[in-house]
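Now for the letters of each chain:
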Amino acid sequence: MYSNSKPSLFTWTGTLRVCANPSVAAQSRASMAAPSSSGLEVLLNTLQNAGDIESTLNILNVLDELLSAGTDRRIHYMISKGGSEALLMALVNTARSYSPNYTLLLPILHLLAKVGHRDRKIGVKAEKAEAVLVTLGLLRHNVKNSRRAAACLWVIRVYCSSVSTATLLGQNRALDDVFNLIVPPSAAQKTRTVKATIDAFAALLSSKENCRMAVGKGYISGLLKLYEEWHTHDSENQHLPIRQALLHCLHRATNTSLGRSALVTNGGIGLLYRTTQTCLSNKAAECLVEPAVQLMRKCYPKIPLPLPSDHSAFSFPLPGRPGDTWEDDPGAHYASFEDDSDEEQENEDPDCQDFEDDLESDVSRLTTRPEPDRPREQLQQYSELCPELQHDFQDLDSDSEPEESSDDESLLNGDSEEKIKGHKRSRINSMDSLSVSDPETLNSHGMNLDQDGKKYLKAQDFRHLSCPRSPEEGHSSMVDKLLEKYGAFIPHHDPRLYIDAAAHTKSIANYSILAFPDFWGHLPPQGPEPMAVRKPHVQRKKVFEDVQRLLCPEDIINTVVFDMEDSSLQCTSDSPKDSLRFFSKFESGNLRKAIHVRRYEYDLILNADVNSSSHHQWFYFEVSGMVVDVPYRFNVINCEKSNSQFNYGMQPVLYSVREALEGRPHWVRAGTEICYYRNHFCPSRGQRGQSFYTLTFTVTFRHEEDVCYLAYHYPYTYSALQSHLQVLERSVDPRKVFFRQQTLCNTLAGNACPLITITACPPSRAWRHLHQLRNRPYVVLTARVHPGESNASWVMRGSLEFLCSSDPVAESLREAFILKIIPMLNPDGVIHGNHRCSISADDLNRQWLKPNPNLSPTIYHAKGFLYYLNSIGRTPMVFCDYHGHSRKKNVFLYGCSVKETLWQSGSPVNTASIKEDPGYRTIAKTLDRIAPAFSFNSCNFLVEKSRASTARVVVWREMGVLRSYTMESTYNGCDQGIYKGLQTGTQELEETGQNFCQSLLTLRKNTINYNSRLFSHAAAILDLDSGLLDHKSHNCFEDDEPPCVESIEYSSYSVPRSAEELDAEVNGNLSGSEEEEEDNDEEPENSKRCSQRKSRLFPHVCRQDSLETLTIKRSQCNGININGSYLN
């Protein structure tokens, strides 16, 4: 026992006999008499009331022996039975005696530390038992006794799990008492006590009041000096736990802005940087690097973005709002928490509830259809959008060429009353509308002469391609020369048509420059593109480079080389020769400012969505003036999402004009050393709580003086859509395919929102053929409501091309359905390079409940058109909105199901009485069978309250469309199927659009006409061959990414303190004499932790036969039964 004399032998029988003594039994008889009292409860009650040392020690050892074997379950059971209160009461009673007996106090403190560490309410219980200040008093009386002081410090550390208890201790000068016990290595004799002291000090700093007090007393400077001294002294890495604990202290101390400022003022970042560089060369000290790096990131001074305003560089006067008084959008302060279409909300979202709480559990809202949001009389205007129901198909009875529809003539300029003249093929053939910045001479823009004196083209010639804003403008012959030399060979793309479409696209900035990739076109790369392999510690490397900016400001160039708002800094010939040149003032472009930081490093700042001060994620810009084979680092420093697939193998995309002119017009995945992490920048106005993230990547260009384009994802512009629709219309046989382009409405900026109708022409004008056509079910497809989700447009492109093709399945689909397609719901946002919103600063996919006809015209009229179909009894069989997903891999669907929602929400409603057609799963199951990129296990058919205003939920609830979906396509790639480990390209995205259309065939398989051609193409679709299932998802729930290998955030970083670690330290304090302590400071590693909680209160007095008396008959101990049944 803990006494200077030789202790008596301990046995379980002796302990029970003590409990049976009259002096002890009299104090606990009431408790023993209770028939439901367990042996543990009797022991705890006896502990609080025991009057002699030996019985108390024996009870303590019984408890420790029982709790040391097995798992934490036993300790938690003891806590539930009042174990913490009993130990606290024993501590208070013993400590308040005239002469405290440390033979009792030490084991009480040790056991209290073990139990209290697992009791979340130990601090509150200690305050109630008045044990907090008692423990602090014991510490003050034993500062020279290392073992007693360590025991008190562990208990104080445990108390501080409650912030109020830590504050109470701080108010009673505990910070001073504990900090004075932290000694430098030269004075350290008992390193275990030093470690316990630092841990206790860190625990006290869990209170922000204590943090402020520590800053005021200069303790931050003291901690830094101590860390430096221990680092210098510990060349053999013998005291790594102490250095780690000091870092933990600094992390706690810097949880306030005062603490962070104090660390920077006292040279903390420089000290941490130097010591960390030393640790990097020593594998044993690797455990110190990460906490030091996170501490530097955390304390790096906040720097406002170098912008004149947080507002977008573009503003647009909105109907009903003064043009110069628009305010920040409501989501600006929480921009880093925005969600993606139907993605799960981020945990950090202040409005985020538990997933189950977000599920709609009101049966009436799930099953009752709301009244329409407009009078029925207003719906008749949409009858013009169903020409297939009125068309008489007179051309079927004549051999004459069909007249070209004038529906598309209003498509390009966005005004249904202003017709574009001359949209005939002869007009297109004569267009020479491409010019360079200086149309007077091509030589001024780098037109080179070959050895024969003839002009030839190079990449620099196309750095600033411009398009005329009116047919009257002069033209150059650049396009003719280009096409004559290289030829237009991109399928379904005509550069001349693109120029014509771009000339009529309206923008706030009056874009006149064409991005070469959009004009020239794109072909998918020849081979697969694997996901990028993340190098170990790549983020750490980038953070060190960022820290060097602060420590060595003289090495920073800090020169603005591009500014969207400054015409003198827009890729001019006056740009420094040793600097890259940037440009983004073209359709869908987004780069607001580029800053030359170091010789080969640039900070890039993105523009906010129009009329907004947030939603920075999409980028698309031109870069030129590069040197070959030099790694350039690009840092996009004002991203807002809290995580990104860039941390999981995704790469940006790059297009080289030089490669395109050499016959390789590819957008390719590019970039190395890619990572995405929180940075030290803040909004220029310093909005509280908003964080920015850095996307950093390195690009090594292959060609000298090339012109390249970099983008977040494969760009797809509004003009590209317009020209593609013209190509498609001309590619179909009008006698077989009914293809009509119409204008759903005009956008705020005056651009047309196209509506496409595709179905099969009837074989003849016979009544039965026309009747069959006009009774075909409708399918409605939409896309690109979020401008930054360009992958949705590529999926839609795949759907459009397939539906217009001669594939037997496509022919059957046209004969089975009337397809209404709105390929771009947000043209204005796409044109201006927005990421999330329209130019009204509204997320259009959150406007479907009550769309404003003036601010959200495309949504208002799309919903009105769906209402119209519903009103004439032609409710669509399928509605699908194509989206992109930034945080998941694969392709998947979100749908709506009453029963699944009620089941998942835990609703008490009996769903057996609810009738629901299970057909909402048919398309998802078919896609899982035929689409390599699709994952059924990622699909979700739940209705969330937070999604009540999205297209998917509104169309399902208000129009009664059973199969109402959002289809999400990854920006990254797949983690299952034949595409596993590969990034998706435009080919895979278009294939997905084709696959979705093919899946529609299963809905009409009982009515379609089968033939040998269709049978051979549709076997897998119709499940006619069960063997074609190689790429089916096999219950693989890997879509939600694991935590990033390196911490994206930094404010919440802390060194983990496990219960087993504390147990090991306490047990180490029990073994051996105080003189021998120094030789046993180092604790066992993980291989020995399984035995660390083994009882050591009395290791020298326990004997084996003690355990044999654990079970004793009730009659032998006055009715006490401690056979351990409570453990069950």
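Residues numbered from 1 in each chain as written. Predicted model: local features only at pLDDT ≥ 70, side-chain atom pairs only at ≥ 80, totals over all residues. Heavy atoms only, no water.

A. The overall build of the protein, seen in detail. Of regular secondary structure, the protein possesses 39 helices and 25 strands. Within the span of the protein, comprising 1128 residues, buried residues form 61% of the whole. Within the protein, contacts between residues at least 6 apart in sequence are counted, and of these 79% link residues at least 24 apart. (Helix = DSSP H or I, 4+ residues; strand = E, 2+ residues; numbered from the N terminus. Buried < 20%, exposed > 50% of the residue type's maximum accessible area, 1.4 Å probe, protein only. Contact = heavy atoms within 4.5 Å.)

B. Spatial organisation of the confidence of the model for the protein. Residues of the protein with pLDDT of at least 70 account for 77%, and the chain-wide mean is 81. Note on residues 22-36: pLDDT under 50 across the span, and 21 contacts to partners over four residues away in sequence or across chains. Here residues 1025-1039 is a poorly scored stretch, pLDDT under 50, and it has 32 contacts once near neighbours within four places are set aside; other chains count. (pLDDT = per-residue confidence, 0-100.)

C. Geometry of the pattern of salt bridges. Evaluated as defined, the whole model comprises 40 salt bridges. Linking Arg243 and Asp234 is a salt bridge whose minimum nitrogen-to-oxygen distance equals 3.0 Å. In this structure, Arg243 and Asp234 share a single accessibility class: buried. Through salt bridges with shared partners, a single ionic network connects Glu545, Asp546, Arg549, Arg598, Glu601, Asp603 and Arg633. (Salt bridge = Lys/Arg side-chain N within 4 Å of Asp/Glu carboxyl O.)

D. Structural view of the side chain of Glu958. Topologically, Glu958 is positioned in helix α36 (residues 951-958). Given the relative accessible area of 8%, Glu958 is considered buried. Here the side chain of Glu958 touches Lys863 through a polar contact of 3.1 Å, side chain to side chain. Polar side-chain contacts of Glu958 include one of 2.5 Å to the side chain of Tyr867. Other than its neighbours up to four places away in sequence, Glu958 contacts Arg369, Pro370, Leu849, Lys863 and Tyr867. (Polar contact = N/O pair within 3.5 Å; in protein donor to acceptor, adjacent residues only side chain to side chain.)

E. Representation of the sheet that holds strand β17 (residues 693-700) within the structure. Ordered in space as β7-β9-β10-β12-β17-β15, the 6 strands form an open sheet in which the pairing is mixed. Because the sheet does not close on itself, it has two edges, and the strands there are β7 (559-563) and β15 (672-678). Taken over all neighbouring pairs, the strand axes of this sheet differ in orientation by 20° on average, direction set aside. Taken together, the 5 bridges between β15 and β17 define a ladder with antiparallel strand orientation. Across the sheet, Arg678 pairs through a bridge with Tyr693, a residue of β17. Along the sheet, helix α26 (residues 538-551) contacts β9 (593-598), β10 (601-605), β12 (631-639), β15 and β17; its crossing angle with β15, the most-contacted strand, is approximately 70°. (Pairing = 2+ DSSP bridges. Axes fitted to C-alpha atoms, helices over the stretch in contact; angles between N-to-C directions.)

F. Broad picture of the sheet that holds strand β19 (residues 737-746). Strand order in the open sheet formed by 7 strands is β19-β20-β22-β21-β23-β25-β24, and the pairing between neighbours is mixed. Looking at the sheet topology across the chains shown, the edges are occupied by β19 and β24 (891-894). The mean angle between the axes of side-by-side strands here comes to 20°, regardless of whether they run parallel or antiparallel. Those strands touched by helix α33 (residues 857-871) are β19, β20 (752-760), β21 (778-783), β22 (818-822) and β23 (878-885), and its axis lies near 130° from that of β19. Each of β21, β23, β24 and β25 (963-970) is contacted by helix α37 (residues 986-999), which is oriented at about 165° to β25, the strand it contacts most.

G. The arrangement of the packing of aromatic side chains in detail. Taken as a whole, this structure holds 38 aromatic pairs when the rule is applied. Taken together, a centroid distance of 5.1 Å and an interplanar angle of 75° make the contact between Tyr712 and Tyr971 edge-to-face. Pair noted here: Tyr712 is in the loop between β18 (707-711) and α28 (718-731) and Tyr971 is in the loop between β25 and α37, with a separation of 259 residues, a long-range link. Of the two residues examined, Tyr712 and Tyr971, each falls in the buried class. The side chain of Arg740 reaches across the aromatic face of Phe738, ending 4.3 Å from its centre. (Phe/Tyr/Trp six-rings, centres within 6.5 Å; stacked < 30°, edge-to-face > 60°. Lys NZ or Arg CZ within 6 Å of the ring centre and 35° of its normal.)

H. Representation of unusual backbone geometry. Phi is positive for Glu673, close to 50°, though the residue is something other than glycine. Structurally, Glu673 is set in strand β15. Positioned with a positive phi, Ala841 is a non-glycine residue whose angle comes to about 70°. You can see Ala841 is positioned in the loop between α32 (827-831) and α33. Looking at Ala841, the relative accessible area reads 15%, which means it is buried.

I. Main features of the nonpolar core. In this structure, Phe582, Phe634, Leu893 and Phe996 are the most contacted members of the largest nonpolar core, which totals 137 residues. The element that contributes the greatest number of residues to this core is helix α30 (residues 790-803), accounting for 7 residues. Counting 108 residues, the second largest nonpolar core, distinct from the first, contains Ile108, Leu109, Met296 and Cys675. (Core = buried A, V, L, I, M, F, W, Y, C linked by side-chain atoms within 4.5 Å.)

J. Representation of the environment of Gly320 within the structure. Within the fold, Gly320 resides in the loop between β1 (303-304) and α20 (355-358). Judged by relative accessible area, which is 86%, Gly320 ranks as exposed. It is 8.7 Å that separates the C-alpha atoms of Gly320 and Asn854, two residues lying 534 residues apart in sequence.

K. Quick peek at the packing of helix α19 (residues 286-299) against α26. It is at 11 Å that the axes of α19 and α26 come closest, and there the two elements cross at 50°. In terms of orientation, α19 and α26 fall into the oblique class. For the element pair α19 and α26, the recorded crossing hand is left-handed. Facing Glu286, Val289, Glu290, Val293, Met296 and Arg297 of α19, the residues of α26 in contact are Gln539, Arg540, Val543, Phe544 and Val547. Residue composition of the contact of α19 with α26, by class: 6 nonpolar, 1 polar and 4 charged. (Parallel < 35°, antiparallel > 145°, perpendicular 65-115°, else oblique. Left-handed = near helix turned anticlockwise from the far one by under 90°. Nonpolar A, V, L, I, M, F, W, Y, C, P; charged D, E, K, R; others polar.)

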